[in-house]
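# Summary of structural features
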Amino acid sequence: DQQVKQNSPSLSVQEGRISILNCDYTNSMFDYFLWYKKYPAEGPTFLISISSIKDKNEDGRFTVFLNKSAKHLSLHIVPSQPGDSAVYFCAARNSGAGSYQLTFGKGTKLSVIP
Amino acid sequence: KAGVTQTPRYLIKTRGQQVTLSCSPISGHRSVSWYQQTPGQGLQFLFEYFSETQRNKGNFPGRFSGRQFSNSRSEMNVSTLELGDSALYLCASSTQGATYNEQFFGPGTRLTVL
């Protein structure tokens, strides 16, 4: 049973436009959500996070939106740049579980076309 | 501050052999988690160690084991290797303290089982 789902395996966007990556979750105990970016042959790099007590968090070109009632979050990248081309993973955590375990989606490969 | 380091970066083994992977967390980080990344399953949680104790374990067979040393360095062992164990094994470290800590990942060890 996949608790974190990224239904789009890939996404192509023109440089300068907005990239929107989506993520759905099923476990209502998740209360902290993170986005990671991964380049080939490297480990995932933390990008941005959001607590379940918020519905939006912004950091430069990156904004994450959380809709708790729909169990849905999205990552917006504006404007998209060719260097943003990577695989993006959505991850979730249950902070009450006494562990730092993250549950990941399968990733979305973003290609930003110059 | 040095990042998370993993050794070796690449390994080739044959079925039935065993393998040990090593992870050195960021200085001061006491939590170390291990993840397996495969093309079909994404990143899956293996286990987490904190202060030399296994705090949480994912849904993997007993052939997968680990340990953590007093300096927070961690090792992961896989015995009786199977073809399906071919994957990228990622280690991540976190700090103790604030509730919502992101995990910092190493570059991974690419294991190929022939």
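Okay, so let's go over this structure. Predicted model only: the values in this text are computed from it and were never measured. (Residues numbered from 1 in each chain as written. Chains lettered and ligands numbered in written order. Predicted model: local features only at pLDDT ≥ 70, side-chain atom pairs only at ≥ 80, totals over all residues. Heavy atoms only, no water.)

### Looking at the state of the cysteines
All names here are of chain B. The condition that has to hold: By convention in this document, the label disulfide applies to cysteine sulfur atom pairs within 2.5 Å. In DSSP terms, a helix is any run of H or I states spanning at least four residues, a strand is any run of E spanning at least two, and both are numbered starting from the N terminus. Working definition: with a 1.4 Å probe on protein chains only, accessible area under 20% of the residue-type maximum means buried, over 50% means exposed, and in between means partly exposed.
The tally for this structure, following the rule as stated, stands at two disulfides over all chains. Put simply, C23 and C91 are joined by a disulfide, and their sulfur atoms are 1.7 Å apart. Here C23 and C91 share a disulfide; its torsion about the S-S bond, -50°, makes the bridge left-handed. A residue pair is termed long-range when its members are at least 10 positions apart, and C23 in strand β3 (residues 19–24) and C91 in strand β9 (residues 87–94) qualify at 68 residues. C91 matches C23 in its accessibility class, with the two residues each being buried.

### Topic: the sheet that holds strand β8 (residues 72–77) of chain A
Whether parallel or antiparallel, the strands of a sheet pair through hydrogen bonds between backbone atoms. Residue and element names in this part refer to chain A. Test applied: Strands pair, by our definition, only if DSSP identifies at least two bridges between them.
Sheet architecture is open: five strands sit in the order β1-β3-β8-β7-β6, paired in antiparallel fashion. Among the strands making up the open sheet, the edge pair consists of β1 (4–5) and β6 (56–59). Both β1 and strand β3 (residues 19–25) contribute to a ladder of two bridges, which runs antiparallel. Pairing of K5 across the sheet is with D24, part of β3.

### Quick word on the pattern of salt bridges
Residues and elements named next belong to chain A. Note the threshold: Whenever Lys or Arg places a side-chain nitrogen within 4 Å of a carboxyl oxygen from Asp or Glu, that contact is recorded as a salt bridge.
In the structure shown here, the tally under the stated rule is seven salt bridges over all chains. The salt bridge partner of E58 is K56, with a shortest N-O separation of 4.0 Å. Among the residues examined, E58 registers a relative accessible area of 52% and is labelled exposed. Residue class for K56 comes out partly exposed when judged on its relative accessible area of 42%.

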